[in-house]
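# Residue-level structural notes
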Amino acid sequence: MDWQALHSFRIVARERSFTRAAALLFVSPSTLSHRIRRLEKDWGVPLLTRTTRRVSTTRGGEALLAAVEKIEIALVEARQKVADMTHATTGPPFGFRTPGPADSRRGGTGPDGGHT
């Protein structure tokens, strides 16, 4: 499964433009077009309807777009859960400190809103 091509397809479908999508993805419109054509070949159906002024999704493209968006949301949520678990097992991220008893005697507030 070519995740880069699926992500590229989502951006083209949402932007409705190869030029705008290519700029967002930091690739040339030609590279992006080839990427989408390979994806359409892999799936065996046209995913986009192209005209000289506009790009729109086909019925197959709409179905794939909905699935890709769900997958990308699930991946973002999974990344956050892993990050939360990592912080819970290894402590706060570098540079973050929790005020201790000595800190509360000095007064003032630290970067985490606690007393320093």
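One can find the structure itself at the top, above this paragraph.
What you see is a predicted model; the values in this text were computed from it and never measured. Residues take numbers from 1 onward in each chain, read along the sequence in its written order. Local features in this predicted model are restricted to residues of pLDDT 70 or higher, and side-chain atom pairs are both shown and tallied only at a pLDDT of 80 or more, whereas totals for entire chains, interfaces and linings draw on every residue. Just so you know, side-chain values use all the structure's heavy atoms and leave hydrogens and water out.

As a further point, take the overall build of the chain. Strands are runs of DSSP state E lasting at least 2 residues, helices are runs of H or I lasting at least 4, and numbering of each runs from the N terminus. Counting its secondary structure elements, the chain contains five helices and two strands. Going from N to C terminus, the chain has its helices and strands arranged as α-α-α-β-β-α-α. For this analysis, residues touch if any pair of their heavy atoms sits within 4.5 Å. Sequence-distant contacts in the chain: of pairs separated by 6 or more residues, those separated by 24 or more amount to 39%. For the chain, the accessible area works out to roughly 8,300 Å², and carbon and sulfur atoms hold 59% of it. Methods summary: accessible areas were calculated by the Shrake-Rupley approach with a probe of 1.4 Å, and residue burial reflects only the protein chains presented.

Here, the term nonpolar core denotes a set of buried Ala, Val, Leu, Ile, Met, Phe, Trp, Tyr and Cys residues that are joined through side-chain atoms within 4.5 Å. Only protein chains enter the accessibility calculation, which uses a 1.4 Å probe; a residue whose area is less than 20% of its type maximum is buried, one above 50% is exposed, and one in between is partly exposed. Ranked by size, the top nonpolar core spans 19 residues in total, and within it Phe9, Val12 and Leu32 carry the most contacts. Where this core is concerned, the elements lending two or more residues are α1 (3-15), α2 (18-25), α3 (29-43) and α4 (59-90). Top contributing element to this core by residue count: α1, with six residues. Not counting the four nearest positions on each side in its chain, Phe9 is found in contact with Ile36, Leu39, Leu47, Leu48, Thr57, Gly61, Leu64 and Leu65.

Of the residues making up α2, those classed as buried are Phe18, Ala21, Ala22 and Leu25. One side of α2 carries all its buried residues, which in axial view fall inside an arc of 100°. Seen from the open side of α2, the exposed residues pointing more than 90 degrees away from its buried face are Thr19 and Ala23. In this structure, the buried residues of α2 make contact with α1, α3, β1 (48-50) and β2 (55-57). Polar contact criterion, stated in full: a pair of N or O atoms within 3.5 Å, where within protein one must be able to donate a hydrogen and the other to accept it, and residues adjacent in sequence count only if both atoms are side-chain atoms. Where α2 begins, the side chain of Ser17 points an oxygen toward the backbone nitrogen of Thr19, at a separation of 3.3 Å. Residue Phe26 follows α2 closely and has a positive phi angle near 60°. For this quantity, the arc is that covered by the directions from the helix axis to the C-beta atoms.

Note on placement: Val27 falls in the loop between α2 and α3. Taking relative accessible area as the criterion, Val27 reaches 22% and is therefore assigned partly exposed.

Our focus in this paragraph is α1. One fewer than the residue count of a helix, multiplied by 1.5 Å, yields its expected span. Its 13 residues give α1 an end-to-end C-alpha distance of 18 Å, which sits within 8% of 18 Å, the value for a rise of 1.5 Å per residue. Within α1, the full set of buried residues consists of Ala5, Leu6, Ser8, Phe9, Arg10, Ile11, Val12 and Ala13. Where α1 begins, the capping side chain belongs to Asp2, and its oxygen is found 3.2 Å from the backbone nitrogen of Gln4.

You will see that Arg16, though not glycine, has its phi angle at about 55°, which is positive. Along the polypeptide, Arg16 turns up in the loop between α1 and α2. For Arg16, a relative accessible area of 35% puts it in the partly exposed group.

Looking now at the packing of α1 against α3. α3 packs onto α1 with a crossing angle of 110° between their chain directions and a minimal axis gap of 9 Å. When the interaxial angle is binned, α1 and α3 end up roughly perpendicular. Crossing handedness for the pair α1 and α3: left-handed. In contact with Gln4, Ala5, Leu6, Ser8, Phe9 and Val12 of α1, α3 contributes Leu32, Arg35, Ile36, Leu39 and Trp43. Polarity classes work like this: nonpolar for Ala, Val, Leu, Ile, Met, Phe, Trp, Tyr, Cys and Pro, charged for Asp, Glu, Lys and Arg, and polar for all others, with Gly in that last group. Split by residue class, the contact of α1 with α3 holds eight nonpolar, two polar and one charged. Orientation is described by lines fitted to C-alpha atoms, with helices fitted over the stretch in contact, and by angles between N-to-C directions that extend from 0 to 180 degrees. Reported orientations rely on four angle classes, namely roughly parallel under 35 degrees, roughly antiparallel over 145, roughly perpendicular from 65 to 115, and oblique for the rest. Whether a crossing is left-handed or right-handed is set by the direction in which the near helix is turned from the far one by less than a right angle, anticlockwise for left-handed and clockwise for right-handed.

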